[in-house]
Each structure stands twice: as structure tokens, then as C-alpha cells.
Amino acid sequence: MSVTAENTGLVIEDIPLVKGDPDFHKITTDICRISEKPITKTPRWWWIAFIISGMLAMNLLIMIGYLAWEGVGVWGVNIPVGWGWAIVNFVFWVGIGHAGTLISAILFLFRQKWRTSINRFAEAMTICAVICAGVFPGIHVGRIWVAYFMFPVPNQMSIWPNFRSPLLWDIFAVGTYFTASALFWYTGMIPDLATYRDRAKSKIKKVVFGILSLGWRGGNRQWKHYEVAYLLLAGISTPLVLSVHSVVSTDFATSIVPGWHTTIFPPYFVAGAIFSGFAMVMTLAILARKVLPALQNYITIDTLERMAKIMMVTGMMVGYAYSTEFFIAWYSGNMYERFAFINRAFGPYWWAYWTMVSCNVIIPQLFWIRKLRRTIPVLFALSIFTNIGMWFERFVIVMSLHADYLPSSWDYYKPTWVDAWTFIGSFGLFLTLFLLFIRFLPVMAMSEVKGVLPRANPHFHHNMPPAHKGEA
Amino acid sequence: MQFDNTKYEFTDRGKAGTIALVVGVIGLVLSAVGFFVDRSQFMFSWLTSFAFWVSIGFGGLFFVMLHHITNAKWSVTARRMAENIMVTLPWLLIFAIPVFIGMGDLYEWVEIGKAHHGEKQAIHLDLIETAHASEDTNHGNTLSEETHDSHSEANSGHVEHDDHAHQAHIDLVASKSGFLNVPFFVIRTLIYFAVWTIFAFALYRLSIKQDKPGFTLNDWKRFKVLSAPGIIAFAFTVTFAAFDWLMSLFPAWYSTIYGLYYFAGGLVGIMAFMIVVFVGLRKRGILEKEITIEHYHDLGKLLFAFMIVWAYFSFSQYLLIWYANIPEETIYYHNRWTGSWKAMTLIIVFGHFVIPFVLLMSRHVKRSFDALRFFAIWLLVMHWLDLYWNVMPVLHPESALPSWLDLTTMMGIGGIFLFIFWRNFTKHAVLAFNDPKLDESIEFQNI
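What counts and what doesn't
Residues numbered from 1 in each chain as written. Chains lettered and ligands numbered in written order. Predicted model: local features only at pLDDT ≥ 70, side-chain atom pairs only at ≥ 80, totals over all residues. Heavy atoms only, no water. Helix = DSSP H or I, 4+ residues; strand = E, 2+ residues; numbered from the N terminus. Rg over C-alpha atoms; globule rule 2.2 N^0.38 Å. Buried < 20%, exposed > 50% of the residue type's maximum accessible area, 1.4 Å probe, protein only. Contact = heavy atoms within 4.5 Å. Areas by Shrake-Rupley, 256 points an atom, 1.4 Å probe, with all protein chains shown as cover. Lys, Arg positive; Asp, Glu negative; His and termini not counted. Charge placed at Lys NZ, Arg CZ, Asp CG, Glu CD. 1 Å grid on protein atoms, 1.4 Å probe; cavity = no way out; pocket = protein on both sides within 12 Å on 5 of 7 lines; lining within 4 Å. Points joined across faces, edges and corners; volume = space filled by probe spheres on them. Nonpolar A, V, L, I, M, F, W, Y, C, P; charged D, E, K, R; others polar. Core = buried A, V, L, I, M, F, W, Y, C linked by side-chain atoms within 4.5 Å. Patch = residues over 30% accessible without salt bridge, like charges linked within 9 Å, V, L, I, M, F, W, Y side chains within 5 Å. Salt bridge = Lys/Arg side-chain N within 4 Å of Asp/Glu carboxyl O.

Some points on the overall build of chain B
Stage number 1. When helices and strands are tallied, chain B shows 20 helices and two strands.
Stage number 2. Taking 22 Å as the expected radius of gyration for a compact globule of 447 residues, we find that chain B reaches 25 Å, a close match to that expectation.
Stage number 3. Dimensions of chain B along its principal axes, counting C-alpha atoms only, are 85 × 45 × 40 Å.
Stage number 4. Residues classed as buried in chain B amount to 57% of the 447 residues present.
Stage number 5. Long-range pairs, those at least 24 residues apart, make up 81% of the contacts in chain B with a sequence separation of at least 6.
Stage number 6. For chain B, the exposed area adds up to about 18,100 Å²; of that, 67% sits on carbon and sulfur atoms.
Stage number 7. Here chain B contributes 31 positive and 38 negative side-chain charges, whose respective centroids are spaced 20 Å apart.

Next up, the structure:
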């Protein structure tokens, strides 16, 4: 809908959210067809991807088994770097999850309608990523059989975890986050699950989707309650986007370790999380558009461009944090702080630091150019760079440990093959779960996309004239 | 005060501007008296008021730039208000002059820097005279601007502990003199205002141009072309303004989040200020149909949100400092937890967050003009109190000590601020009535 201003006659057309002007039925069939294919007609790309990622996920299990059998000595951790890739991977995966919640909750509160086409699979990505993240705190404890000790479980020895420990806060934060995200994701999916139920041809599908759709009939009253519930869940999830990664940042920032203990950490981590998460959504969206061409009308180039803009903004927020940290390290007058930062940039891990700065701050500046924001190969490459850069950010932070207060214990951390395969294996787990989602559940929020179409406007068929301010 | 509802222009400005001017002049005159009566109290009160009104000003600039880069529609009708607030920024530079004059009273590092500079020269001469004397290693440390490290600690073992701690403090502050020195401070403040002025004027001129025929698509695009780099420049200038004006009051202390903290306070300030003025206009029948209840609801939401952002930043700072418990950091909260400062700390915790959080969450409060205005005024007071709480413990470390100068400086700067704001506001249409998104802004509804 466009509105003409009175004097200047300047018309600013809204970018259409969906291409090809599909009607409601077309949206239903476009999306349902993806997962309604019988098992024998599953596309080949899906099997290839599923087998590879499934094998990698198995590999993760093997690595965990090996770790449990042999002990954490199989990892590269040692004094002074007692926290190696496990915490890096944990923060990396939790961070990835944040974009999904930002898209589904915060952008909803901000009335960003373009979010509808990406929000479902972004939320699914959140859940897969949080599952991957949850693996690492569980296995890094060394004695996996007592991992339950992280939870405040009443036990016969009346011993409780330290409630002042940020690691315990993590349990609560990530646990809450997973629960809220899963509920939000599921609530949002109910109308679409009902569509699946109604279209189901086999008895099993009818029953399964029938149970999952909780008796949804699409009546007026149901929609009214549904929308209130959705709004409330969005409101509840919004602070979670901020709080979870803030708590994760306190894992570092509460310690008196130069380079870790700095007050900007909570918002800085949140910005970084959204940045990395958007990069992952971008990566997955571009791949999904490639293998599921039906999505191209919904995840348009304009949607991708908007995501690129958010990546640019959050990338610069992260850049702001890097520079503020560096400045305050000097300003503090504290020689340990100064050393920590100079050592980051020019010490033995200089390569990691500059990889981080290049990938997160310098390369995303290419997005200032509109043409590049709208070129899919460039978007894909830059999203990969960001994924790499954000992993390195956490690596750089953790490696502050390698030069502690006692120079005689300084050491150069090197990961082992077990570290590497555990990390690669976590990608396997992530992709396996995500592929299962794509195969069996509605990959796009059909009901929400229908709701933002011009034809969803009650006056669509009356050729509504633009109301004038005089009449308003 | 008379208003032409068809052109969205004031035909008669009314007395509001004159009243503001009179209040401002009285406030400035009384404050000027204070300058001679109680100079250091004047300086600290002035800095608080200055930081308060500048934060409202840059809040306006941020609101406008955010509006443009996010392609916002709902805020089209509120935009002109924020624009008129942001163009007060260049005028506020005038009020920085007393800060420049009284820097020696405000900032400890001014004296230390001077002494340090003198000492350096003295030592330098000393060194030339007794070039090979062994005792000079001690001074050599000072010369190379080393901070209080283990060497100086070991070397000055014979000094009394307090003296030693004092000397360590002086050395630490002196080591920052490359940044904290008078000329650079003044230059930086000028740069901040220059950056804000450039973006504020450019955006304002473009916006006024929009009211006349001949506003093209390219002009429309320029809003964004200006705002995108503007917001980056804004982030750094506001951060460093906070470091300079407020954080360096206690030069040994540092916090990386401090810039964001001041920024978030300013955002609370701008939302609250806009709500107060809009409701005031509404009571006089101005912009009744254009700023609908939906806009108040949205303004209220943002006020609520920015208040939480402020609390989030403050709490991040507090939690991390409390937890690590390093004396050089906890001193900030320690100073604000002595005497009556303790009460004020609690007032801010409850008044700036807990109470408004519970009450402003309600949809009904946000959609009631009087209740919303009440909380807007409430939060403006809290924002001022927050700045007061940041500035004053340096002057009155023992206990909070209210002064009449706190009031007169607020009247002085605030009166002139409001006068300039009102003059700008009434000069042009109060609504960007030619904006292509205007109809959508007026029609939108919260679900």
C-alpha cells in the first residue's frame, strides 16, 4: 500500500514482503509440500546432508565417550589455560541461538513484519543451537557421571552448588532460555500444525499432528487467545535475549582476570550473540533457498538485505566494545590490563585477534554497499566470515588465560584432535536436528506470512482509498 | 498561544517561551552569584545540570537518526519534536564554558597534571645536574610515567603508608595525563559538539525542506545517508563525553560500560521529555488527532524499555564490580554507600527502576495521558538524580548535601534550553506534514 503526500507528491513504496503475489492457498501448498513428501520421495540432497551430519553427530558421541573414558587429558587444556575449546564452543552455540529469539520476540514487538518468513526456522535453529551448547558444560566437568551436581539437586550429603557461581547461573539461564524458546516456537507453530493435520492423508500423521495441534480449529476466539499468548511469550522472551548472554558473559567478567573483568561484557556479549546468530540464520537461509526453491518468494532478497543490515549494526556494536575495552585498558593505568590487551593484539595469539577483528569489524563494512548486500554469494561468504570471526572472538577471550599473573606458568594452548572433532561433531548434531526439522515440520510460519500479506487486510477487496489526515 | 490546525503552525507563540527565558535568566543570574559565593558547589551543580540537558539534547538526535535508519513509520508525527530538541545542542556548548573555566575545581586530574608536569621538568633538570647519581633510578620511574608498580613500592618503603597510597594515586592519575589534560579535554568537548551540530543541523535543514514543494526522492534518501554514519559518530562522541565529563571526576576509577550508561539515561530523558511536552500540547488542543493514543502507548513503551536498558547497564556495572571486589573499582559504590548517599542509592534503585518497572508495565498506564505524564516527569527527576548521584559524591564524600545551586543551575540551563526549544518549535510546522509515511503514522494501531 502506498500513500501519496499532499504537496510534494513524493511516493515511497513499501517493499513487498512476499514476491509473486501468492494467495493463501499457494502459501499453504508451497510450504506443506516440503514436508508432505512420502519418505521414498525425500530429495537426494537431504539424504546426503543427513547422512554426513548424522555421522558427524555420531562422531560427537564417540568423542564424548572417549573423553569420559580417558579423562579431560585428551583435550588440550592445561594450566594456565584450564578452559579451552569447551567454553569457546559453549559460548559460540549459545550465541548462535540468540538471533532466533531476537527475530521471533524482539522484532515482533518492533512490528517488523519481514520477520515472518524467517522466524520459524530461526527459532528452530535457536533450539538446535542451545542443545549443542548444553553439551559442553556437561562434558567439561571431567567426571561426567557427577554432572548432575551442577543442578541444585537435594542430596544425601546436603551439599549444594555455590549459588554465587556464574556457572550455576548458566544452568538456570540456559535452562530457562531453552524452555521459553521451545514454548514460544511450539505455540507459534500450532496453527500450522493444524494445517498439517487437516491435510494429512495417513492415519498416523492425522493422529500425531492432531495431538500436536491441541485441537486448533482456527476460530475467532482461538485466534484472540492465541495472539495474546503470542504477545506475552514475546514479552517474556525479550528479556531472555539479553539476560542469557549477559549471564554467559559473567562466566568471564566476574573473575579477576585481566581482559575478562570489564563492565561492558554483558551488552557486548549480547550484541556479539545476535551478530553471530544472524550470520548463522543468513547461512541457513541462503542454503535453504537453494535447496527449497519455493522459499525464494518468501525469503526475498530484501529480507536478506535487512538481515545484512542487522549484521552490520551488531558487528559495529561489537567493534565499539573492542575499541572501548582497548581504550579503557590503557585508561585504567593498570599494567595487567594494559598487558592483556597488547598481548592479545601483538602477543602469541595475534593471528586469532586479527582474524576476529577482520571478520567481525572490517569485512562486514562491505555491507555499506547496497549492491553487495543484495548479492547472494557475497552475503553467503560474509555470513561465513562472521561465523568464523565470532568463534574466534570467544577463543581470543578465553586465551587471555595463557599469560596469567605468574610468568613462569605462561604457556601456549594447543587443541588436540579430540577438541577439533568434538567441535566438528557439534556441527553434526546441530545440522542433524535442523535437517529433521526441515523435513517434518513447517519450515516457515505460514499463518504469520499470510497475516502480513496485503490481501490479509480486511479492506483489500474494496480498493481502500488512502485515508486523508483531514478526515482522521 | 494560538495554533493553526491546517498548517500545523503556531500563529501566536504564547508566553511559554518568555516564561522559560525569564526563568532561565533568573536561574543564570542566581547561579552566577553562586559562582562567587561557593565556587566549587557551583561547579558541581552546574556540571550536573549541564550533563542533564545535554543528555536530553543528544537523546533527540538519537531518536531522529534511529527513526530514519529503521524506516520507522509510527514516529513520523513525533519526529519534528525530537528534531527541535536536537537543534538545541549547539547552544548547549555555551554552557560548557563554565565547565572549562572551573575545570580545576571539578577535576582532580587538572591539579595533578599540572604538578606532574612541573615535577617532570624539575626532575629533568635534576637529572641533568646529577647525571650519574644512583639515587636517580627512583625518579626515573616517575619520568617514564610508570604507574605505581612494585618497584616504586619497594623503593619508597620508608614513606608512611597513607602518603604512599596518596602518592600511588597521584602517580596513577598522572599516568593518564596524555588523555586527561586541559587542552585535550577542551578540544574533545568541542569535537563532540561539532559532530552533534553537523548531524543535527543537516537533518533539521532537510526536514524543514520537506515541508515545502520540491522535496525529492534523493532528499528523502539523504535522511538515511546522514543518519547511518551519524549514529556511529554519535556512539563514540557520547561515550567519550561520558568518560570526560563524568567518569574523570574520579580519575582513578574506570568502567567500560560508563558511556552506555550515560547514553541510556539520556534515552530515558528524551522519551520522558517528549511525553511531557506532547501531553502539555494536547491539553491545549494541539496535535490531538495526529499524536494519537497509539503514539502515547508507543512512546510509553519506549520510555519503559529504555528505563530497563538503563537498569540493565547500571546493574551490569554494579554486579561485576561487586563480585570482583577490587578496591580500585568498588570505591565508586563505596562512596555512594556512606552517609545519606546510601539513602539516595536506594531511592535511585527503587525510583529509577523497581517502582516504574512495576507500574509502567501496565497498558492502561501507558494509555492514560495523566498517568503517563506523571511517570515521564518522575523519570526525568530520577534521571537528574542519577546524574547528581554520579557527580556530587566527589564534592560531598561524606553525605549528600543539597544546595540551592542545584536548583538555580537547573533553572538557568533548563530555562534557556526550553526557550530555544520553544522558539525553534514554533518557528516551523510542528509536524512533518509532507512526510510520505504520515498517513500510516496517524492510522497505525497497537494490537
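Having seen the model, we can carry on.
Quick word on empty space enclosed by the protein
Stage number 1. A full pass over the atoms with the stated rule returns six cavities of 30 Å³ or more.
Stage number 2. Estimated volume of the largest cavity: approximately 130 Å³.
Stage number 3. Taken together, 15 residues make up the lining of the largest cavity; nearest its centre are A:His261, A:Thr262, A:Ile328, B:Tyr254 and B:Thr256.
Stage number 4. Tallying contributions element by element places helix 9 (residues 301–331) of chain A first for the lining of the largest cavity, with three residues.
Stage number 5. Among the residues making up the lining of the largest cavity, the classes are represented as five nonpolar, seven polar and three charged.
Stage number 6. Considered as a void within the structure, the second largest cavity measures approximately 90 Å³ in volume.
Stage number 7. As for the second largest cavity, its lining consists of B:His67, B:His68, B:Asn71, B:Ala72, B:Lys73, B:Val76, B:Trp220, B:Phe223, B:Lys224 and B:Lys437.
Stage number 8. Within the residue set of the lining of the second largest cavity, elements represented by two or more residues are helix 2 (39–69) and helix 12 (217–246) of chain B.
Stage number 9. Taken together, the residues of the lining of the second largest cavity sort by class into four nonpolar, three polar and three charged.

Here's the deal with the nonpolar core
Nonpolar side chains in soluble globular proteins tend to end up buried together.
Stage number 1. Counting residues in hydrophobic clusters, the biggest one holds 275 residues, and the most contacted among them are A:Trp93, B:Phe50, B:Tyr107, B:Trp196 and B:Trp245.
Stage number 2. With 18 residues, the single largest contributor to this core is helix 13 (residues 258–283) of chain B.
Stage number 3. Core analysis: the second largest hydrophobic core is formed by nine residues, A:Ala105, A:Trp216, A:Tyr230 and A:Leu233 among them.

What to know about unusual backbone geometry
As a rule of thumb, non-glycine residues mostly have phi less than zero, and peptide bonds are mostly trans rather than cis.
Stage number 1. With omega at 5°, the peptide bond leading from A:Ile79 into A:Pro80 counts as cis.
Stage number 2. In this structure, A:Pro80 sits in the loop between helix 2 (44–70) and helix 3 (85–109).
Stage number 3. A positive phi angle, near 55°, is found at A:Leu214, a position not held by glycine.
Stage number 4. Relative to the helices and strands, A:Leu214 is located in the loop between helix 6 (203–212) and helix 7 (220–253).
Stage number 5. For A:Leu214, a relative accessible area of 54% translates into the label exposed.
Stage number 6. Of note, the phi angle at B:Tyr8 is positive, near 60°, even though the residue is not glycine.

Brief notes about a nonpolar patch on the surface
Residues and elements named next belong to chain B.
Stage number 1. A grouping of Leu 21, Val 22, Val 25, Ile 26, Val 29, Leu 30, Val 33, Val 37 and Trp 404 is seen on the molecular surface, where their side chains present a nonpolar patch of about 750 Å² in accessible area.
Stage number 2. If one sorts the elements of the nonpolar patch by residue count, helix 1 (residues 16–37) sits on top with eight residues.
Stage number 3. Here Val 25 lies in helix 1.
Stage number 4. Classification of Val 25 as partly exposed rests on a relative accessible area of 40%.

Note that all results are geometric; they support no functional claim without further evidence.
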